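Descriptive structure summary
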Amino acid sequence: MMSYVTRLRPQLIFKSQFARKLGNAPELSKVLNNAVKLTNRGIEVDGNEFLHVETRNMCKCEACYGRFSHQRTGLPYRGITFSDVKVSDVGKTSDNYVSLKWSDGHEGVIARNKRGNFGPDPINSRVEKWFDLTCRRNSAQKFWSTPDEDVTKCWDYSWVVENQENTIEFLTHYMKYGIGFLVDIPRHLGMMEIVEEGLKIRPVRRTCFSTVDLVRFKPNPDNLGYGSGKLPAHTDLPFFNQAPHVQFFHLVENTVSGGESFWVDTFPILQELSEKRPDLFEVLKTVPMVWRYSPPGTGIYQLSRQCVVKMQGDEIWQTVDNPQSMDPDTFARTTSLEDRERWWEAYSYYRGMVEEQSRLFYRRLNGGEFVITDNFRVFHARKDFFKTGEEEERIVSTAYMDWNLLASRVLSTEKGDSAFLEVREY
Amino acid sequence: MMSIRPIQQIRIQSKFLTLPNLFTGGIQGNKEGCQIKVRSYSNSAGTTKTAHITETGINVDGRDLLHVETRNMCRCEKCFGKFAHQIQNLPPVGNAFPGIKVEEIGKLSEHYVSLKWSDGHEGLIARTIRGDFGPGKIESRVRDWVDLARRKNSDQEFWRTPNEEVKKFWDYSWVVSSVDNTREFLVHYMKYGIALMNGVPAGLKMEDIIFEGLKMSPLWASCYDLVDYVRFKPDPKNLGYGSGQLPLHLDLPYYYAPPHVEFFYCIENTVKGGDSFWVDSFAAITKMTEERPDLVEILKTVPMTYRYTPPGSGVFQLTHHPLIRTVEGDLWRTVESRWSMDTAQFARDRDLETRKKWWEAYLYYRNLIEDPSCWFMKKLEGGEIVMTDNWRVYHARKEFEMTAEGQERIVSTAYMDWNSMANRLLSPEKGDFIFLEVDQH
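What comes next is a walk through the structure.

Thresholds, definitions, all that
- Residues numbered from 1 in each chain as written.
- Chains lettered and ligands numbered in written order.
- Predicted model: local features only at pLDDT ≥ 70, side-chain atom pairs only at ≥ 80, totals over all residues.
- Heavy atoms only, no water.
- Helix = DSSP H or I, 4+ residues; strand = E, 2+ residues; numbered from the N terminus.
- Buried < 20%, exposed > 50% of the residue type's maximum accessible area, 1.4 Å probe, protein only.
- Contact = heavy atoms within 4.5 Å.
- Areas by Shrake-Rupley, 256 points an atom, 1.4 Å probe, with all protein chains shown as cover.
- Lys, Arg positive; Asp, Glu negative; His and termini not counted.
- Charge placed at Lys NZ, Arg CZ, Asp CG, Glu CD.
- Salt bridge = Lys/Arg side-chain N within 4 Å of Asp/Glu carboxyl O.
- Buried area = accessible area lost by both parts, 1.4 Å probe.
- Polar contact = N/O pair within 3.5 Å; in protein donor to acceptor, adjacent residues only side chain to side chain.
- Phe/Tyr/Trp six-rings, centres within 6.5 Å; stacked < 30°, edge-to-face > 60°.
- Lys NZ or Arg CZ within 6 Å of the ring centre and 35° of its normal.
- Expected span 1.5 Å × (residues − 1).

1. Points about the overall build of chain A
- Each helix and strand counted, chain A has 15 helices and 22 strands in total.
- Taking the principal axes of its C-alpha atoms as reference, chain A extends roughly 85 × 55 × 40 Å.
- Per-residue burial over chain A gives 62% buried out of 426 residues.
- Excluding contacts between residues fewer than 6 apart, the proportion of contacts in chain A whose partners are at least 24 apart in sequence is 74%.
- By element, 47% of the accessible surface of chain A is carried by carbon and sulfur atoms, the whole surface being about 15800 Å².
- Distance between charge centres in chain A, computed from 55 positive and 58 negative side chains, equals 7 Å.

Laid out in structure tokens, this is it:
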């Protein structure tokens, strides 16, 4: 058995008699040789090659990696990347870790796998399963050119909030399709109760519309959302340099005539555009429009410049588009005629695709229904509505959240349930 | 050579011009003999401005506008909500108005031009910033600050070494004493990416300073809540709560939308050490672009993985970001934090060759950042507050220690969206209604 001291300080593994005996054991020598070896550029572990510099930055010993914070600790002000450090020796190998010694004298461990890097189950298996989806990789998402049963599926609220596994199932559905519907929400529940207590995700992001906005008709509205007119397909809040990512839309009451909601997934459109007209796609990626929200008397004056399409490498990352908040005048003042000509050609072409009826998913939402949309991807819209009786109302409650907070709910254990790295057991 | 017939006063009979006007018109001919209908307007100063239809749209005061964009620029009250200042009544299909053309130019006034389009709509567009945004202070603020508010590099001041402007302290009471002073302070902040205030009255909390003093809101809530109090605790769930040194970094890279404006309020700092320091990454990247544009390209295209996953906290955040992001060729945002980097995951996500180039680029960049001659260093004292541009200016801390009982280092931090801050610069006060002057056209 390893001594208590050795267990706490993995770097002593190189000095412990036990470890040396392990290293000399014929079966383990073979394992060590096959699993890990030194190369010219670094080391190879299980067939994966790591550079010297990255191994030193991957050290998970408790001198380098805070046990309680899971952050790199003890970094100097300068030379924090350990650029000239090389692996000088490979020590013990376990299921999840490899001991290394570096030329700066440090002895530590690196993780061999996700479990070693993130901790044991359930974290480990959730990360294995959902990592790509939570990082919004297109390969893990499900684009929909026409709404299918998965897109239109309604989830029972009570079932979703019953336990974490159900919530995760619902949230990963949302992350795949960019939209998720909840129904049969108890009428007494408001937005914060649904999101923070039911789904257990927080905090909600505050905007110029407060934390939770109650959208109901008012005359002379300082935002078109508070009117009764139709709203074409759009994403919300493009006048923020960072538009909010997750949108919650709770239909509190809907007894008016009209007012159907509809949604469209822009990502397959952009994918098609990039294939059919890459020249126009390039324009939407590189020429930013100006967006603005400046209702008189409100003290609000927000202006941003962003491209309609944002990429993360080769991945489609975000669409920003809101025809009612476009500022073509400032765009015309700040952008060359040539760029504008190209932009309007690209935008009109792309917008024509967005408006194809076959792509749209219509639904008249009823009281007690709730939609989460990916405001970076799925447009929403509304037909106009009108009251035929005095008591009729259309009341909607809206709120926003950062993606990572929602993804945290998918990946994380419950608060208080610690999942430390297993470095001490190594 | 253009020939112009004599310009006469013309009373326009067109049905969509209902007011008598100072509108004059004439016909211009070019050397090919084509006739271009020119509308012109003369103001009391005798300045004549013109508008005419061109092949691609119209030309107003020498400025070319496309047909399609004029239709989207209509400021009549049917198209542009008086109270919302948003484009309204868009058709469900064709709401970018493709294929539309201007058919006729009507009346010109000082700030507007009447137009008639091929879809039958008759309306007007703004000729001037005032026409588009409204009169008075809005117009001049937009004119002066629109590029700074949009983070154009041309309006920012990069600093490779800290100069007097960067290190300048602003008196809190002066800053908050009037909206113009506050704006002057914010403009300074937006230019340099950092601004410091001192003389904050004891007892004021962060919320008081921001909401009541600077009159900006809302704050951006993170996993650290709206306002975080950072003071030493053992076994910290975040290194910020420790006493060790924190090398240069930007906050919260484990959000896909890292917060933009950071407020750092030193409430008490009686410990030994704990000096803060800052550096402008945009200046470093500019230098790197001159020296090694190939490496800058890598930092713009290859994302690193970041994570924040303290055990037992219920927080598990993972992201990936390229270090540098640009917009229209402008440096837009830097994202980086050494201790939140997940090198192991990065190594799993990228091939070896890409990673090799990335590390080369990163080390080069990091050397520029870590040059002490580029640092602005200061031990903050109680009552001092720093605003930094968390997309641009790195911050760091030297280690500190408590050498006597009662010593403390207590800092309060908060974040805000850029646009909420820029709002304070551009906007009139709440309740101060500034409508467009379309009724006066």
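2. What to know about the pattern of salt bridges
Residues and elements named next belong to chain A.
- Inspection of every chain in the model, using the stated rule, returns 56 salt bridges over all chains.
- The salt bridge involving D132 is made with R137; its shortest N-O contact spans 3.3 Å.
- Exposure remark for R137: the relative accessible area of 10% places this residue in the buried category.
- Beyond isolated ion pairs, a larger network of salt bridges with shared partners links E272, K276, E356 and R359.

3. Structural notes on the interface of chain A and chain B
- Taken together, the contact between chain A and chain B spans 108 residues of the former and 123 residues of the latter.
- Both faces considered, chain A and chain B share a buried interface measuring about 10100 Å² in area, 56% of it formed by carbon and sulfur atoms.
- Sorting the residues of chain A by area buried against chain B places Y77(A), Y301(A) and R305(A) first, and these three jointly supply 10% of that buried surface.
- In this structure, the salt-bridge partner of R292(A) is D132(B), at a minimum N-O distance of 3.0 Å.
- One can count 47 residue pairs in polar contact (both at pLDDT 80 or more) joining chain A with chain B.

4. What to know about the environment of A111(A)
- Mapped onto the fold, A111(A) is located in strand β6 (residues 107-111).
- Considering only alpha carbons, one finds A111(A) and K60(A), 51 residues apart in sequence, at a separation of 7.1 Å.
- Excluding anything up to four places from it in sequence, A111(A) contacts M58(A), N96(A), Y97(A), G116(A), N117(A) and R348(B).

5. A look at the packing of aromatic side chains
Residue and element names in this part refer to chain B.
- Enumeration according to the criterion identifies 41 aromatic pairs over all chains in this entry.
- Between W170 and W174, the aromatic rings sit 5.9 Å apart at their centres with planes inclined by 40°, giving tilted as the arrangement.
- Pairwise contacts between aromatic rings join W220, Y224, Y254, Y255, Y308 and Y415 into one cluster.
- The ring of W391 carries R333 above its face, with NZ or CZ at 5.2 Å from the centroid.

6. Regarding unusual backbone geometry
- Of note, the bond from R202(A) into P203(A) is cis; its omega dihedral lies within 30 degrees of zero at -5°.
- Checked against the element boundaries, P203(A) lands in the loop between α10 (191-198) and β9 (213-215).
- In this structure, the amide linkage connecting S217(B) to the following residue, P218(B), adopts the cis form with an omega of -5°.
- Topologically, P218(B) is positioned in the loop between α7 (206-214) and β13 (227-230).
- The phi dihedral of H85(B) is positive, around 50°, even though this residue is not glycine.

7. Focus on helix α9 (residues 164-177) of chain A
Residues and elements named next belong to chain A.
- Compared with an ideal rise of 1.5 Å per residue, which puts 14 residues at 20 Å, α9 spans 20 Å between its outermost C-alpha atoms and is within 8% of the ideal.
- Considered for burial, the residues of α9 that qualify are Q164, N166, T167, I168, F170, L171, T172, H173, Y174, M175 and Y177.
- The distance from a side-chain oxygen at the start of α9 to the backbone nitrogen of E165 is 3.1 Å, and the residue carrying that oxygen is N163.
- One or two steps after α9, the chain reaches G178, where phi turns positive at roughly 80°.

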